[in-house]
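Structural overview
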Amino acid sequence: MSVVRTKVLGLVDVIMRVPSLFIIDEILKMGMGVPMQVALQATNSTVQSNYELPMEKMLPEDERGMQDNIEMYKVISLAVLKFLICLFGAISAACVFMLWTRHLVIVYMYILSVGLIFLSYWSNVSALSVISDSPSLLEDVLSLNMDRLLDPGGVLISILPHLLAQWLMGVIFAYIHLGPRYKITQKALPFSFLMPLLLAMLPLPSVVLKHSPAFAAILPLVLSKIALWSSSFDVVKTILNGYQHARNFAGNFGIATLIENEWQRLNVPCVLRVFWTLRLTEHLVSLLMSSEAPLRFAATVQSLLVSGCETLTAVLGMTSIISLICHYIGKMFQLFLLSEDYDEDKSIGTVSAILFYILALQTGLTSLTPDKRIVRLCRNMCLLVTALLHFLHNIVAPILMSLSAARNPSRKRHARALMVCAFLLIAPGSLLTVLWSRHSPSTWLLAVTAFSVEVIVKVLVSLATYTLFLLDARRQTFWEKLDDYVYYIRAFGNSVEFCFGIFLFFNGAWILTFESETIPIGGAIRALMMGIHAYFNIWCEARAGWGVFMKRRTAVHKISSLPEATIAQLRQFDDVCAICYQDMTSAKITRCNHYFHGVCLRKWLYVQDRCPLCHEIIMNQDVNPGEDGTEERVHDNGQPQGSDAIGLQNMSQNTTGVNLQPQTSGQSSGTLLSSLTEAESEATGGDTTSGSSSQSGSEGTGDTGNLTNGSTGSSNSSGGTLSGMTNSSLVSAAAISFNLRRHHALLQQQQQSQQAQQLFGEQQSRMQRELLSARISSEPTARSSPGRAESEQRRSSTSTDCDCGQQVPSLLDDDHP
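Residue indices begin from 1 for each chain and proceed along its sequence in written order. Since the coordinates come from a predicted model, pLDDT governs what is reported: local features require at least 70, and pairs of side-chain atoms require 80 or more to be given and counted, while whole-chain, interface and lining totals use all residues. For side-chain calculations, the full set of non-hydrogen atoms in the structure is used, while hydrogens and water are omitted.

**Points about the side chain of Thr311**
Cut-off, in case you're wondering: Strands here are runs of E lasting at least two residues and helices are runs of H or I lasting at least four, both read from the DSSP assignment and numbered beginning at the N terminus. Only protein chains enter the calculation, and the probe is 1.4 Å; a residue is then buried if its accessible area is under 20% of its type maximum, exposed if over 50%, and partly exposed in between. Should any heavy atoms of two residues lie within 4.5 Å, those residues are considered in contact.
If you trace the backbone, Thr311 turns up in the loop between α14 (297-308) and α15 (312-336). Overall, the relative accessible area of 5% leaves Thr311 in the buried class. Among residues more than four places away in sequence, those in contact with Thr311 are Asp25, Leu28, Lys29, Arg279 and Thr366.

**Overview of the packing of aromatic side chains**
Convention followed: Only centres within 6.5 Å qualify two rings of Phe, Tyr or Trp (six-membered ring in Trp) as a pair; their planes then separate them into stacked at under 30 degrees, edge-to-face at over 60, and tilted for everything else. Only Lys NZ and Arg CZ are tested; either one counts as a charge over a ring when it is within 6 Å of the ring centre and within 35 degrees of the ring normal.
A complete count under the given rule lists 13 aromatic pairs for this structure. Arranged with centres 4.9 Å apart and planes meeting at 85°, the rings of Tyr535 and Phe536 form a pair that is edge-to-face. Sitting over the face of the ring of Tyr487, Arg552 holds its NZ or CZ atom 4.0 Å from the ring centroid.

**Things to note about the environment of Ser402**
Using the following cut-off: Contacts described as polar in this section are N or O atom pairs within 3.5 Å, which, within protein, must combine one atom able to donate a hydrogen with one able to accept it, while residues neighboring in sequence count only if both atoms come from side chains.
Along the polypeptide, Ser402 turns up in helix α17 (residues 370-405). Placed 67 residues apart in sequence, Ser402 and Phe469 show a C-alpha to C-alpha distance of 10.0 Å. Within polar-contact distance, the side chain of Ser402 engages the backbone oxygen of Ile399 at 2.8 Å.

**Digging into the environment of Ser516**
Here Ser516 is to be found in the loop between α20 (482-515) and α21 (520-560). Spatially, the C-alpha atoms of Ser516 and Gly364 are 9.3 Å apart, while their sequence positions differ by 152 residues.

**Topic: the confidence of the model for the protein chain**
Counted only if it meets this: A residue's pLDDT is the confidence the predictor assigns to it, expressed on a 0 to 100 scale.
Per-residue pLDDT for the protein chain averages 74, and the proportion of residues at 70 or more is 67%. Contacts for the low-pLDDT stretch residues 622-740, under 50 throughout, to residues beyond four places or in other chains number 210 contacts. Long-range and interchain partners of residues 778-817, a stretch whose pLDDT sits below 50, account for 23 contacts in this model, where long-range means more than four residues apart.

**Structural notes on helix α9 (residues 183-200)**
Short version of the rule: Given a helix with a known number of residues, its expected span is that number minus one, times 1.5 Å. Note on bend: the value at a residue is the angle between axes fitted to the seven residues ending there and to the seven starting there.
The end-to-end C-alpha distance of α9 is 27 Å, a good match for the 26 Å that 18 residues give at a rise of 1.5 Å each. At Leu194, α9 shows its strongest bend, of approximately 50°, with the proline Pro196 following within four residues. Taken as a whole, α9 has its buried residues at Thr185, Leu189, Pro190, Ser192, Phe193, Leu194, Pro196, Leu197 and Ala200.

**A word on the pattern of salt bridges**
When the charged atoms of two side chains lie near each other, side chains of opposite charge can form a pair. The criterion, for reference: Salt bridges are identified by distance alone: a Lys or Arg side-chain nitrogen within 4 Å of an Asp or Glu carboxyl oxygen.
Summed over the entire model, instances satisfying the criterion amount to eleven salt bridges. Asp483 serves as the salt-bridge partner of Arg552, at 3.4 Å between the closest nitrogen and oxygen. In this pair, Arg552 sits in helix α21 while Asp483 sits in helix α20, placing the two residues 69 residues apart along the sequence. With respect to class, Arg552 is no different from Asp483; both count as buried. A salt bridge links Lys558 to Asp609, with the shortest nitrogen-to-oxygen separation between them at 2.9 Å. Here Lys558 is found in helix α21, whereas its partner Asp609 is found in the loop between α23 (598-605) and α24 (642-654), with 51 residues between them in sequence. Overall, the relative accessible area of 16% leaves Lys558 in the buried class. By relative accessible area, Asp609 is classed as partly exposed at 23%. A cluster of three or more residues bridged by salt bridges with shared partners is formed by Asp483, Asp484, Arg552 and Arg602.

**Concerning the side chain of Arg602**
Mapped onto the fold, Arg602 is located in helix α23. Taking the relative accessible area as the measure of exposure, Arg602 reaches 9% and is therefore buried. If we ignore the near neighbours within four places in the chain, the residues touching Arg602 are Asp483, Asp484, Arg552, Ala555, Val556 and Ile559.

**Here's the deal with helix α12 (residues 255-266)**
Heads up, the rule is: Along the arc lie the directions from the helix axis toward the C-beta atoms.
Between its first and last C-alpha, α12 extends 16 Å over twelve residues, near the 16 Å set by a 1.5 Å rise per residue. Restricting attention to buried positions, one finds in α12 the residues Leu258, Glu262 and Leu266. Taken end-on, α12 shows its buried residues confined to a sector of 50°, consistent with a single buried face. Among the exposed residues of α12, those oriented more than 90 degrees off its buried face are Ala256 and Gln264. Asn267 sits one or two positions beyond α12 and adopts a positive phi of about 55°.

**Brief notes about a nonpolar patch on the surface**
Heads up, the rule is: Without a salt bridge and with relative accessible area above 30%, a residue can belong to a patch; like charges are then joined within 9 Å and nonpolar side chains (Val, Leu, Ile, Met, Phe, Trp, Tyr) within 5 Å. Areas reported here follow the Shrake-Rupley algorithm with a probe of radius 1.4 Å; residue values treat only the protein chains shown as occluding.
A cluster of nonpolar side chains, contributed by Met72, Tyr73, Ile76, Val80, Phe83, Leu84, Leu87 and Ile91, occupies part of the molecular surface with about 710 Å² of accessible area. Its relative accessible area of 44% is what places Val80 among the partly exposed residues.

**Concerning the packing of α14 against α15**
Put simply, the test is: Lines are fitted to the C-alpha atoms to define the axes, a helix being fitted only along its stretch in contact, and any angle between axes, read from their N-to-C directions, falls within 0 to 180 degrees. Under the grouping applied here, Gly and all other residues not named as nonpolar or charged are polar, the nonpolar ones being Ala, Val, Leu, Ile, Met, Phe, Trp, Tyr, Cys and Pro and the charged ones Asp, Glu, Lys and Arg.
α15 packs onto α14 with a crossing angle of 115° between their chain directions and a minimal axis gap of 8 Å. Residue-level inspection shows Leu305, Ser307 and Gly308 of α14 in contact with α15, the latter providing Ala314, Val315 and Met318. Looking at the contact of α14 with α15 residue by residue, the classes come out as four nonpolar, two polar and no charged.

**Notes on the environment of Asn593**
With respect to the element layout, Asn593 can be found in the loop between β1 (588-589) and β2 (595-596). Overall, the relative accessible area of 44% leaves Asn593 in the partly exposed class. Sequence separation between Asn593 and Ile618 is 25 residues; the distance between their C-alpha atoms is 9.6 Å.

As structure tokens, then:
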């Protein structure tokens, strides 16, 4: 029952906010009261008509010019007055829309009470007009003239509905009015509404009956006036409190959080949907009532769509409907893909709504004529469909990567993901075929084509990466070139997207320069969006991609300078790579005589230039003194000498918590994956001083190595930039850095706990000595017995030399001889 009550109250709250949007919509329909073109035409026609008058031709030129100026000033003054009134009405409606529910109820109660007063006045005037031309009703009642009283067209039957309506309005007004509620006043209100009709039954002069409705409305108007005056201070106080609340909330949590909180409190999407639905229903009813012939479906839908984007508020309502449709489309694809993460489909609805509204603003949709407006609306819908295909690719791409990396045996999930990819390949191709067959080449068509081809390229890149990982899962040996192939494929896709981004920028610049109409707001929004696109999608992408390319190039150069392990050395080593835990058919030998896969070591070099196991410098280069406290001296065989060798030996002895032996094959691959996930954020920082040793292990050629490669590929499946390749290539190497940091932290915690215990023992010893001296000075037997004092002094000196663990028993022995 409580759930139903909550839903009903929520629906009532939404309905109470809809009239404010209708008021703002009507004000926007009037152009805020300033139709400048109409005013200028009226001024020109007035001046022209004045010039055509023969009397005006006879006036001097100065007087004619003065008269023209007076007419122009009148038009401008009237336009300014209308604009101020409309602005005040729009601001008032917006304030009412943002009120809390309890304040909104008070506003509607006051408006309803005032509306009842005017409705009662109109009803009384209509009833009196019927009674004034008829015989006296009181005479018919006194003479019991039943024929005339019960006549269907008689006076009594005609005013009976007015009597019932007046009584009902009086009772409702007495219940909802906000004025003072005295008993006499409350009882007199229904009779005040009925007074004109009661007086009309008496044989009174027509003048009295004519003014009786105005006198009857005096008492309700006085009560309403008192309520308005008494609540004026509350209105100002409410506005100030709301402003203060918003200011404090924005100061504590930010403006974005304030907007999100108010958006949810006001339930803006539901209000906009109800408003747009009622608006289209009203337009449809008017079409049905005004048209004599049957309406055609296509023409009716076109008329409704044109009316549905006539003003900014109407475009907002249409945006909320489109957001809901896109939300359910994303949810449907999520359910089809058997995915439980519904965050992406929510973002689809939000981003689609923002995109549609920005397109409507920058194309000047509301200011176009109806025939041009429907064309522009269809073009914006095509752009929105291509954007929706991009969002659907962002949903299916991570699922493809996870299926290929995790070796998911469920063929159903693989088939569903591939079916969605096939749809994403067929849909943009079909859309381009239809558009190019029916439209001539234009900037809009080129933009749609670029977006559609970009979707096809992204889907092909995802399918190629997915295929590579599936092939890697079927291999029995480590595929060293897999990372290179994935990099080349994604670099190709990102390069194509980058080129399309440049093309779309120049396409938008052409539209802004040569094709945009005289719409200052739309041009400004288009220029702003072009600036955002140029910075984020062109400049940032180029800089990040170039940075990744240079890192990869440097790493490849460093790896190529390392010696390649021979077959005899690999057979003698007989171990797995300490980074990926896979068997080594080929390996690179570092300066410290450690063996790693070349591709794994290249990923590690993205993080730092030190060995993952011993933290020695991998390459033959000078060490930066700022990185370590002392400069390391190394023999040609890679072993440190002198004091550095002793320090390294002591450090290796202290790191007893780290297992340097190969791990057992029973280690869970899920644990490794969680370690890789936790270590990824720290590995990207490039810390070169953390840790002194690392955990290396072997798990054979099982699923773990493929899982590592899978996570490498899937971590960047939804990224659209070249810079996204960095994190995906660091996942395997990050596990070593994570183990180093964890062991280093454990050593520091152990040292800190030992120091704390030592400090606590010293403080406890000092406190016990002070307590012992205080007891000796306070006992009277100490002064009378020298032997006792000497014993106490001797024992106290003895306890001072003892450690903390032996001091407590000595004190207990002194207290209890």
